[in-house]
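Reading the structure
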Amino acid sequence: MSSLINTTVKPFKATAFHQGKFVQVTDADLRGRWSVVFFYPADFTFVCPTELGDLADHYETLQDLGVEVYGVSTDTHFTHKAWHDTSETVGKIRYPMVGDPTGTIARNFGVMIEEEGLALRGTFVVDPEGRIKLCEIHDLGIGRSAEELIRKVQAAQYVATHDGEVCPASWQPGGKTLSPSLDLVGKI
């Protein structure tokens, strides 16, 4: 499997449930600002609502960072609406819930489980030019953390605006960064 890092998001067009309406979402919507594309296996399941609720609880922080979130599963936008209307946890979601019933978007991002018609738990951070800067793919039983995602988004944004600097492990905003050079070889 080849890496998607620094590749441009492939074209797609889909319908999402967002703020009480059905709206069209395309790859063009991922340009001009930072985006998180957050794949999950299916609506009306078990780990998925915990992750989506966690993202909903941290959505304002991501918005403050200039990031839009797109939750994507192979369900339809109709199913997303029904789940949003019946689950207290999912009802908190204010970001677009994108329907991908054909699996096109999941295949574009390399997270489609063909035999099951579901997506793996994939998280992708996309820069304003539409390039994938972070890719994490989890097994279906392993939930993700919005707080850790926020830290990674902040690191990606920092590196994008500070040429020549990199963020070490567990870096937090305001923490020390590194400027790779010959002088640092073997000294870290």
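Scroll up to find the structure this text is about.
These figures come from a predicted structure and were not determined experimentally.

1. What about the packing of aromatic side chains?
Scanning the model with the defined rule gives nine aromatic pairs in all. Ring geometry for Phe44 and Trp83: centres 5.8 Å apart, planes at 40°, overall tilted. On the criterion of sequence distance, the pair formed by Phe44 in the loop between β3 (34-39) and α1 (47-64) and Trp83 in helix α2 (residues 77-86) is long-range, its members being 39 residues apart. The class for Phe44 is partly exposed, based on a relative accessible area of 47%. By relative accessible area, which is 3% here, Trp83 ends up buried. An aromatic cluster of three or more residues is present, and its members are Phe17, Phe22 and Phe78. Looking at Arg144, its charged tip hangs above the ring of Phe38, at a distance of 3.7 Å from the centre.

2. Section: the nonpolar core
The nonpolar side chains of a soluble globular protein tend to be buried, and buried together. Counting residues in each nonpolar core, the largest one holds 24 residues, and the members touching the most others are Val36, Leu55 and Tyr95. No other element matches α1, which puts six residues into this core. Excluding its chain neighbours within four sequence positions, the residues that come into contact with Leu55 are Phe38, Leu62, Val69, Tyr95, Ala146 and Leu149. By size, the runner-up hydrophobic cluster in this structure holds 21 residues, among which are Ala16, Phe109, Phe124 and Ile132.

3. Quick notes on the sheet that holds strand β1 (residues 13-18)
Taken together, seven strands build an open sheet; the order of strands is β2-β1-β5-β4-β3-β8-β9 and the sheet is mixed. Only two strands of the sheet have a single neighbouring strand rather than two, namely β2 (21-26) and β9 (132-138). Along the sheet, successive strands turn relative to each other by an average axial angle of 25°, direction set aside. Of the strand pairs in this sheet, β1 and strand β5 (residues 97-99) are connected by two bridges, and their pairing is antiparallel. Note on β5: the bridge partner recorded for Ala16 is Val98.

Parameters and conventions
Residue indices begin from 1 for each chain and proceed along its sequence in written order. The model is predicted, so local features are restricted to residues of pLDDT at least 70 and side-chain atom pairs to those at 80 or more, both for listing and for counting; the totals for chains, interfaces and linings are taken over all residues. Working from all heavy atoms in the structure, the side-chain values ignore hydrogens and water. Each aromatic pair joins two rings of Phe, Tyr and Trp (for Trp, the six-membered one) with centres within 6.5 Å, and gets the label stacked for planes under 30 degrees apart, edge-to-face for over 60, and tilted for any other angle. Only runs of H or I of at least four residues qualify as helices and only runs of E of at least two qualify as strands under DSSP, and these elements are numbered from the N terminus. Exposure classes here rest on a 1.4 Å probe applied to the protein chains alone. A residue is buried below 20% of its type maximum, exposed above 50%, and partly exposed in between. Only when the NZ atom of a Lys or the CZ atom of an Arg is both within 6 Å of the ring centre and within 35 degrees of the ring normal do we say a charge sits over the ring. Here, the term nonpolar core denotes a set of buried Ala, Val, Leu, Ile, Met, Phe, Trp, Tyr and Cys residues that are joined through side-chain atoms within 4.5 Å. Throughout, a contact is declared for two residues whenever any of their heavy atoms are within 4.5 Å. Two strands make a pair as long as DSSP finds a minimum of two bridges between them. What counts as an axis is a line fitted to C-alpha atoms, over the stretch in contact for a helix, and the angles between N-to-C directions run from 0 to 180 degrees.

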